[in-house]
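Each chain, written out:
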Amino acid sequence: SIQRRMYFSSISIVVNSKINAIFAVGKGESYGFPLYLIIYSMNTLAQSIVARLSVCYPQREARALARILCCEVLGQSDVDFFVGKDTLLSENQQQKVEDILQRLLHFEPIQYIQGEAPFLGARFKVTPAVLIPRPETAELVQLVAEEMRNRYPTLRSLNDSLHLLDIGTGSG
């Protein structure tokens, strides 16, 4: 691995061309505490996550989980993720990524790890005590709503008056 060191103030930056990352190690100039950052190319970070998850997940699912981890957990935009923009990871973020990867490698659903799941444009809190809202259920709700509107044409003009209630499906 080829490494170059550059010194800025009291921060030593190591460029590691093998993994396409920059490691910044040193002391924060005005704060006096250790500063550990890694600057990853988003493509490299995502590829690393996919490679680790591909042991347990199909390639497509591993890529989807990498996007969720980079965008929803680390806060990268989808655009930055897809264009491979460099990102800084603090030591805490690195540890968070590692912790989440370990949980995913033990087949814990990403929704439980995040503590929430999307459903029809809303986000619901989820824990292992409740079932995760499924996309298939959202499709079923949309089909039922459309069928109700077709059966009762007056509902088409009163979109706000159609309410569906889901009872006893194990959602806690």
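Definitions and limits used
Residues numbered from 1 in each chain as written. Predicted model: local features only at pLDDT ≥ 70, side-chain atom pairs only at ≥ 80, totals over all residues. Heavy atoms only, no water. Helix = DSSP H or I, 4+ residues; strand = E, 2+ residues; numbered from the N terminus. Contact = heavy atoms within 4.5 Å. Core = buried A, V, L, I, M, F, W, Y, C linked by side-chain atoms within 4.5 Å. Buried < 20%, exposed > 50% of the residue type's maximum accessible area, 1.4 Å probe, protein only. Phe/Tyr/Trp six-rings, centres within 6.5 Å; stacked < 30°, edge-to-face > 60°. Patch = residues over 30% accessible without salt bridge, like charges linked within 9 Å, V, L, I, M, F, W, Y side chains within 5 Å. Areas by Shrake-Rupley, 256 points an atom, 1.4 Å probe, with all protein chains shown as cover. Salt bridge = Lys/Arg side-chain N within 4 Å of Asp/Glu carboxyl O. Axes fitted to C-alpha atoms, helices over the stretch in contact; angles between N-to-C directions. Left-handed = near helix turned anticlockwise from the far one by under 90°. Nonpolar A, V, L, I, M, F, W, Y, C, P; charged D, E, K, R; others polar. Expected span 1.5 Å × (residues − 1). pLDDT = per-residue confidence, 0-100. Pairing = 2+ DSSP bridges.

Caption draft 1: Layout of the overall build of the protein chain. Secondary structure summary: the protein chain contains seven helices and seven strands in total. Across the protein chain, helices and strands are ordered from the amino to the carboxyl terminus as β-β-β-β-α-α-α-β-α-α-β-β-α-α. Look at the contacts in the protein chain between residues 6 or more apart in sequence, and 34% of them connect residues 24 or more apart.

Caption draft 2: A look at the nonpolar core. Grouped together as the largest cluster of nonpolar side chains are 23 residues, with contacts concentrated most on Ile 49, Leu 53, Leu 69, Ile 100, Leu 104 and Ile 110. Looking at this core, the elements with two or more residues in it are helix H1 (42-53), helix H2 (59-73), helix H4 (91-105) and helix H5 (110-114). Considering every element that reaches this core, the biggest residue donor is H2, with eight residues. The residues contacting Leu 53, other than those within four sequence positions of it, are Ala 62, Leu 65, Leu 101, Leu 104 and Leu 105. Judged by nonpolar contacts, the second largest core, of five residues, contains Ala 117, Val 126, Val 130 and Ile 132.

Caption draft 3: Local environment of the packing of aromatic side chains. The full count for this structure, using the stated rule, is three aromatic pairs. Pairing Tyr 57 with Phe 107 gives two aromatic rings, centres 5.7 Å apart and planes at 50 degrees, and the pair type is tilted. Of this pair, Tyr 57 sits in the loop between H1 and H2 while Phe 107 is found in the loop between H4 and H5, placing the two residues 50 residues apart along the sequence. Ring geometry for Phe 81 against Phe 82: centres 5.1 Å apart, planes inclined by 80 degrees, an arrangement best described as edge-to-face.

Caption draft 4: Region of the structure containing a nonpolar patch on the surface. Taken together, the side chains of Leu 140, Val 144 and Leu 164 present a nonpolar region at the surface, about 250 Å² in accessible area. With respect to the secondary-structure elements, Leu 164 resides in the segment after helix H7 (154-157).

Caption draft 5: Highlighting the packing of H2 against H4. It is the contact of H2 with H4, at a shortest axis distance of 12 Å, that shows an interaxial angle of 145 degrees. For the pair H2 and H4, the sense of crossing is right-handed. For the pair H2 and H4, contact is made by Leu 65, Leu 69 and Val 73 and by Lys 96, Val 97, Ile 100, Leu 101 and Leu 104, respectively. Its residues assigned to classes, the contact of H2 with H4 comprises seven nonpolar, no polar and one charged.

Caption draft 6: Inspection of H2 at higher detail. With 15 residues, H2 should reach 21 Å at 1.5 Å per residue; the first-to-last C-alpha distance of 20 Å fits that figure. Two residues or fewer after H2 comes Gly 75, characterised by a positive phi angle close to 85 degrees.

Caption draft 7: Region of interest: unusual backbone geometry. For Phe 107, which is not a glycine, the phi torsion comes out positive at approximately 65 degrees. For Phe 107, a relative accessible area of 53% puts it in the exposed group. One non-glycine residue, Leu 120, lies in positive phi territory at about 50 degrees.

Caption draft 8: Highlighting the confidence of the model for the protein chain. On average, residues of the protein chain score 75 in pLDDT, and 68% of them reach the 70 mark or higher. At the low end of the mean pLDDT range in the protein chain sits strand E1 (residues 3-8), at 38; at the high end sits H5, at 96.

Caption draft 9: Structural context of the pairing of strand E7 (residues 122-125). One ladder, built from four bridges, connects strand E6 (residues 116-119) with E7; its direction is antiparallel. Note that in E7 the partner of Phe 119 across the bridge is Ala 122.

Caption draft 10: Representation of the environment of Cys 56 in the model. Mapping Cys 56 onto the fold places it in the loop between H1 and H2. Expressed as a C-alpha distance, the spacing of Cys 56 and Leu 105, which sit 49 residues apart in the sequence, is 6.5 Å. For Cys 56, the contacting residues outside a window of four places in its chain are Leu 105 and Phe 107.

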